[in-house]
Amino acid sequence: MDKEKIVVQTSTYIKSRLSGEGSGHDWWHVYRVWKNAVHIAGYEQADLFVVELAALLHDIADWKFNDGNDDIGPQLAKEWLDKLGVDESTVTHVCRIIKDISFKGAGVATGMNSIEGKIVQDADRLDAMGAIGIGRAFAYGGSKGREMYNPDMKPEQHDSFEQYKNSRGSSINHFYEKLLLLKELMNTDTARKIAEKRHTFMEEYLQEFFQEWEGKD
Ligand code: ADP
Ligand code: NI
């Protein structure tokens, strides 16, 4: 099994599959998660092959765009990896990570059992924070026809995946429902440090946003 070649083939496949996706789940999101994950893995004892494959395949099919079905991603990933002749234990591990990774609401725990899963989850969550996270939130909201902000709609704490999935709030609410909670959810120390910085940046951004909203300079 030529691991390097499999990683390259997988990145080429995902790039062609996700190119042009306009909702914040494009190839470049996957690219950033992949790079974040490799960076974090450099500080941990982890199977880099599993980390890279899981990062590359983690958004192969997202529940948000498949009527809430979170089994399609792992299924597609398995088909792809089997075709490349990847060993069974790697395939099983990668698919498990893909199934577990997505954020399902503020009050819904998503456990990651392996260090490889923790790394990819951190990498994915980091990409929802900071300058890029802000851009993605508005891109996603826009793709769903959501308002940028509406002072009459208060943020909600979603205690179930169903509630989170069906939420119709503004993109600014999403900061309070997810983005500002991510800092506390980091699994690794490396990601936690990066998250601190991105968190501060988002807080400053929001301050500025509300100030401008009320016509202040
Ligand atoms: P990820 O793939 O990074 O785990 P998600 O799949 O949950 O993130 O969502 C993709 C991107 O869209 C993220 O940056 C996320 O913060 C953003 N997003 C998800 N739901 C909303 C929403 N209701 N309003 C605004 N942005 C959202
Ligand atoms: Ni993602």
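Here, the structure is the one placed above.
The present account deals with the structure reproduced in this document. Keep in mind that this is a model prediction, so the values were computed, not measured.

1. Brief notes about helix α2 (residues 27–41)
And then number 1: For α2, which comprises 15 residues, the first-to-last C-alpha distance of 21 Å matches the rise-based estimate of 21 Å (1.5 Å per residue) to within 8%.
And then number 2: For α2, every residue scored as buried is listed here: Trp-27, His-29, Val-30, Val-33, Trp-34, Asn-36, Ala-37, Ile-40 and Ala-41.

2. Quick word on the nonpolar core
And then number 1: Core analysis: the biggest nonpolar cluster contains 51 residues, and Leu-57, Leu-81, Val-94 and Phe-175 have the highest contact counts within it.
And then number 2: In terms of residue count, the dominant contributor to this core is helix α3 (residues 48–57) (eight residues).
And then number 3: The residues contacting Leu-81, other than those within four sequence positions of it, are Leu-53, Leu-57, Val-86, Val-91 and Val-94.

3. Section: the environment of Arg-32
And then number 1: Residue placement: Arg-32 occurs in helix α2.
And then number 2: As for Arg-32 and Ile-132, which are separated by 100 residues in sequence, their C-alpha atoms are 9.9 Å apart.
And then number 3: Discounting chain neighbours no more than four positions away, the residues touching Arg-32 are Asp-127, Ile-132 and Arg-136.

4. With respect to the coordination of the nickel ion (ligand 2)
And then number 1: Every protein donor of the nickel ion (ligand 2) is accounted for by His-29 (NE2), His-58 (NE2), Asp-59 (OD) and Asp-124 (OD), and the metal-donor separations fall at 2.1 to 2.3 Å.
And then number 2: Read from N- to C-terminus, the donor residues coordinating the nickel ion (ligand 2) fall into the pattern H-x28-H-D-x64-D. Here His-58 and Asp-59 have matching classes, each one buried.

5. Here's the deal with the packing of aromatic side chains
The description of an aromatic ring pair rests on the distance of the ring centres and on the angle between the ring planes.
And then number 1: Applying the stated criterion across every chain yields a total of 16 aromatic pairs.
And then number 2: For the ring pair Tyr-31 and Trp-34, a centre distance of 6.5 Å and an interplane angle of 85 degrees mean the geometry is edge-to-face. Residue Tyr-31 and its partner Trp-34 are both found in helix α2; the two are separated by three residues, about one turn of the helix.
And then number 3: Taking relative accessible area as the criterion, Trp-34 reaches 12% and is therefore assigned buried.
And then number 4: Arranged with centres 4.7 Å apart and planes meeting at 80 degrees, the rings of Tyr-149 and Trp-213 form a pair that is edge-to-face. Taken together, the positions of Tyr-149 in the loop between α7 (130–143) and α8 (161–165) and Trp-213 in helix α10 (residues 189–213) put the pair 64 residues apart, joining distant regions of the chain.
And then number 5: By relative accessible area, Tyr-149 is classed as buried at 16%.
And then number 6: According to the relative accessible area criterion, Trp-213 is partly exposed, its value standing at 36%.
And then number 7: Put simply, the rings of Phe-138, Tyr-149, Phe-175, Tyr-205, Phe-209, Phe-210 and Trp-213 pair up and form one aromatic cluster.
And then number 8: The ring centre of Trp-34 lies 4.3 Å from the NZ or CZ of Lys-35, which sits over that ring.

About the thresholds
Residues numbered from 1 in each chain as written. Chains lettered and ligands numbered in written order. Predicted model: local features only at pLDDT ≥ 70, side-chain atom pairs only at ≥ 80, totals over all residues. Heavy atoms only, no water. Helix = DSSP H or I, 4+ residues; strand = E, 2+ residues; numbered from the N terminus. Expected span 1.5 Å × (residues − 1). Buried < 20%, exposed > 50% of the residue type's maximum accessible area, 1.4 Å probe, protein only. Core = buried A, V, L, I, M, F, W, Y, C linked by side-chain atoms within 4.5 Å. Contact = heavy atoms within 4.5 Å. Donors = N, O, S within 2.8 Å, 3.2 Å for Na, K, Ca; no water. Phe/Tyr/Trp six-rings, centres within 6.5 Å; stacked < 30°, edge-to-face > 60°. Lys NZ or Arg CZ within 6 Å of the ring centre and 35° of its normal.

Honestly, that's just the spatial picture; any functional story needs more than this.
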